[in-house]
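# Architecture and fold: a report
Below, each chain spelled out in residue letters.
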Amino acid sequence: MTSLFRNSVCLLVSLISCIFLQSASAAGETSDKQTGKENSITWQEKSIKYARIMSRVKWTPVADGMPKRGGHFKAGTEYTGVPYSSVKSVGRYIGFDIYLKTFLAAVQNPKSVLYTENLYGKVKNAECYYGKVCSSYTSYALQCGIWYVSRLHTPPYRDGITLVEPQSALSAKVGDIIFTPPQPGSHVEIVTGITKNKEAQITHVRVEESRPQTTTNTNRSIKSFNKHISSRGRKLYRITDLDAWRGNNKAESFLFPNYDEDNATPDINQVLLLDLGDWVPYHQDQKVKINIMDKNAQGVKTLVIKQGDKVIEEINQPGKGVIERSFSTCGDYTAHCVMNDGSLSQACEFAVCRFDFSMPTEGVSKSKSWEIKISSDNMNMIIAHLKSDKNGYDEHNVFITEQDRKNGKIVIPANLIQDKGKMQVWMIGENKYGRLKKRQDIIVKE
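What this report covers is the structure whose coordinates are included nearby. Everything numeric in this text was worked out from a predicted model, so none of it was measured.

## Here's the deal with the overall build of the chain
Of the regular secondary structure elements, the chain holds nine helices and 27 strands. Its C-alpha atoms give the chain principal-axis dimensions of about 100 × 70 × 50 Å. Across the 446 residues in the chain, those meeting the buried criterion constitute 48%. Taking the contacts inside the chain whose residues are at least 6 apart along the sequence as the reference set, 66% of them involve residues at least 24 apart. As presented, the chain carries roughly 21,000 Å² of accessible surface, and 49% of it is formed by carbon and sulfur atoms. With 59 positive and 47 negative side-chain charges, the chain shows a separation of 5 Å between the mean positions of the two kinds.

Dropping the structure here:
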């Protein structure tokens, strides 16, 4: 009996083990399927999600003075969608140059660049120091590493895209773009939703765009949508091959855009913030303005500034207000406060970076290749953006490789530039906190 009992127990244990292993295997298969499902999200579905990160975000200015087209955003008023501003090489594009959370942190600092800087009259089509425009909005949604200007979204300037036929709401699909030709400025919008009734018939098409004063979304009826695309020379286009359309300009090749960070709810510092917000890079020797706000009135005992783990400076009894410092040593920094009760505030994070470039002083020939010398510290040079002053279609991105960085130079190919005259060269670098830009101009000859 004892032997029979032992054999029965062993058999029972074996059966239980098999059942457990089968269950674990099934659970693993379910997990794998779920992972596969997540990985199978189409780029069109991602474009909706990414567009709405920027169009659905809500924010409320804490002070007056934040510029917008024709006036200022009002303190205490809630806005939806990031502000419109064509910041060019001077300010910073939300999503490409800075995190969305950096903008949201700057909103909470009444002494930030959002309230103290105004690009109106200094930069064409710009107001806020941080902003977005139609092209940077759609390029962000379409998973680009840098924006394509609106007039370069369509054929013959992009591959993998075709005109939708017929030009009708009934033909529209999510991810389609609507292009308005220059009048004098061009414009681009993106389709982010198709509504159908119980009979599976299309009733509405949702269109989202960046325009003054903020990003907007409009759910148009069939009649309204058809009227919209039939006016002002607008055309509905469909990207049939996203990789062909983007070329080498893929978001996944760079640190920015960072969609996970932009989609997360940030924890904004209540004790101190930087003039650029938080989680942001500065140029070497650029002033860093730290605003001690102590919003919860805990009392600040000491301001502590660190580079990595090394304490750079401690300021006792700093009080409330702005403290300015500049840093000649490149690296990653933090600033936090020791409160009167001995607790530590959340730290503001920022980087100090250097990058330089030089070009031939005598100008260059468009029919010959030429070099740009580069160097950097605490930042990778990633893109040389070339932009003609004469021809809005003569705009190009030269992507900088690791070998280019090791060589200390990049080569601009012959016949890349179409027109003679002044060419803007924006050098763009990035690190984990964002991107910085520098501009120089060069004369292009025959």
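## Section: the packing of aromatic side chains
Using the criterion set out here, one finds 19 aromatic pairs in the structure. Relative to Tyr140, the ring of Phe96 has its centre 6.2 Å away and its plane inclined at 85°; by these criteria the two rings are edge-to-face. In this pair, Phe96 sits in the loop between strand 5 (92-93) and helix 3 (100-107) while Tyr140 sits in helix 5 (residues 134-141), placing the two residues 44 residues apart along the sequence. As far as the burial class goes, Phe96 and Tyr140 line up, both buried. Aromatic pair Tyr157 and Tyr393: ring centres 5.1 Å apart, planes at 25°, arrangement stacked. One end of the pair, Tyr157, is in the loop between helix 5 and strand 7 (161-163); the other, Tyr393, is in the loop between strand 23 (380-388) and strand 24 (395-399), with 236 residues separating them in the sequence. For Tyr157, a relative accessible area of 36% translates into the label partly exposed. By way of ring pairs, the aromatic residues Tyr50, Tyr93, Phe96, Tyr140, Trp147, Tyr259 and Trp426 are connected into one cluster. Positioned over the ring face of Tyr99 is Lys101, at 4.9 Å from the centre of the ring.

## Examining the sheet that holds strand 9 (residues 187-196)
The six strands are arranged 7-12-8-9-10-11 in an open sheet whose pairing can be described as antiparallel. Each of the sheet's edge strands pairs with one partner strand only, and the pair in question is strand 7 and strand 11 (215-221). Each adjacent strand pair in this sheet contributes to an overall mean axis angle of 30°, direction not counted. Where strand 8 (residues 177-180) and strand 9 come together, four bridges link them in antiparallel fashion. For Ile177, the partnering residue across the bridge sits in strand 9 and is Ile190.

## What to know about the environment of Ser230
Within the fold, Ser230 resides in the loop between helix 6 (222-229) and strand 12 (235-239). A relative accessible area of 59% places Ser230 in the exposed class. On a C-alpha basis, the gap between Ser230 and Tyr282 in space is 46 Å, while along the polypeptide they are 52 residues apart. At a separation of 3.0 Å, a polar atom in the side chain of Ser230 contacts the main-chain carbonyl oxygen of Asn226.

## Some words on the pairing of strand 20 (residues 348-358)
As defined by bridge partners, strand 14 (residues 280-283) adjoins strand 20 across four bridges and the pair is classed as parallel. Residue pairing for strand 20: Val280 is matched across the bridge by Phe350. With five bridges joining them, strand 19 (residues 331-339) and strand 20 adopt antiparallel strand pairing. Counterpart to Thr334 in the pairing with strand 20 is Glu349. The pairing of strand 20 with strand 22 (residues 370-377) spans five bridges and is classified as antiparallel. Residue pairing across strands places Phe355 opposite Ser376, the latter belonging to strand 22.

## Thoughts on the pairing of strand 23
Counting buried positions along strand 23 yields eight of nine residues, so the element is predominantly enclosed. Pairing between strand 23 and strand 26 (residues 421-431): eight bridges, direction antiparallel. Bridging from a neighbouring strand, Ser388 pairs with Met423 of strand 26. Pairing geometry for strand 23 and strand 24, over five bridges, is antiparallel. Bridge assignment links Lys387 to a residue of strand 24, and that residue is Glu395. In this antiparallel pair of consecutive strands, strand 23 and strand 24, the connection spans six residues.

## Describing the nonpolar core
In terms of nonpolar packing, the biggest core is built from 114 residues, with Phe103, Tyr130, Phe350, Trp370, Ile372 and Met427 touching the most fellow members. When residues of this core are assigned to their parent elements, the largest contribution, seven residues, is made by strand 20. In this structure, Ile372 is in contact with Phe357, Ser358, Met359, Gly408, Lys409, Ile410, Ile412, Val425 and Met427, ignoring residues within four places of it in sequence. Listed in part, the 11 residues of the second largest apolar core include Val164, Val207, Ile229 and Leu236.

## Observations concerning the side chain of Ser86
Take Ser86: it is sitting in the loop between strand 4 (79-80) and strand 5. Using a relative accessible area of 7% as the deciding quantity, one classes Ser86 as buried. Polar contacts involving the side chain of Ser86 include one to the side chain of Lys88, which spans 2.6 Å. In contact with Ser86, not counting residues within four places along its chain, are Tyr93, Val123, Lys124, Asn125, Ala126 and Val133.

## Points about the pattern of salt bridges
Using the criterion set out here, one finds 23 salt bridges in the structure. The residue Asp97 makes a salt bridge to Lys437 at a minimum N-O spacing of 2.8 Å. In this pair, Asp97 is assigned in the loop between strand 5 and helix 3 and Lys437 in strand 27 (residues 434-445), connecting sequence segments 340 residues apart. Here Asp97 matches Lys437 in class, with each residue buried. Glu313 is the salt-bridge partner of Arg325, the closest N and O atoms lying 2.8 Å from each other. With Arg325 in strand 18 (residues 321-325) and Glu313 in strand 17 (residues 310-316), this residue pair connects regions lying 12 residues apart in the sequence. With relative accessibility at 27%, the residue Arg325 sits in the partly exposed group.

About the criteria used
Residues numbered from 1 in each chain as written. Predicted model: local features only at pLDDT ≥ 70, side-chain atom pairs only at ≥ 80, totals over all residues. Heavy atoms only, no water. Helix = DSSP H or I, 4+ residues; strand = E, 2+ residues; numbered from the N terminus. Buried < 20%, exposed > 50% of the residue type's maximum accessible area, 1.4 Å probe, protein only. Contact = heavy atoms within 4.5 Å. Areas by Shrake-Rupley, 256 points an atom, 1.4 Å probe, with all protein chains shown as cover. Lys, Arg positive; Asp, Glu negative; His and termini not counted. Charge placed at Lys NZ, Arg CZ, Asp CG, Glu CD. Phe/Tyr/Trp six-rings, centres within 6.5 Å; stacked < 30°, edge-to-face > 60°. Lys NZ or Arg CZ within 6 Å of the ring centre and 35° of its normal. Pairing = 2+ DSSP bridges. Axes fitted to C-alpha atoms, helices over the stretch in contact; angles between N-to-C directions. Polar contact = N/O pair within 3.5 Å; in protein donor to acceptor, adjacent residues only side chain to side chain. Core = buried A, V, L, I, M, F, W, Y, C linked by side-chain atoms within 4.5 Å. Salt bridge = Lys/Arg side-chain N within 4 Å of Asp/Glu carboxyl O.

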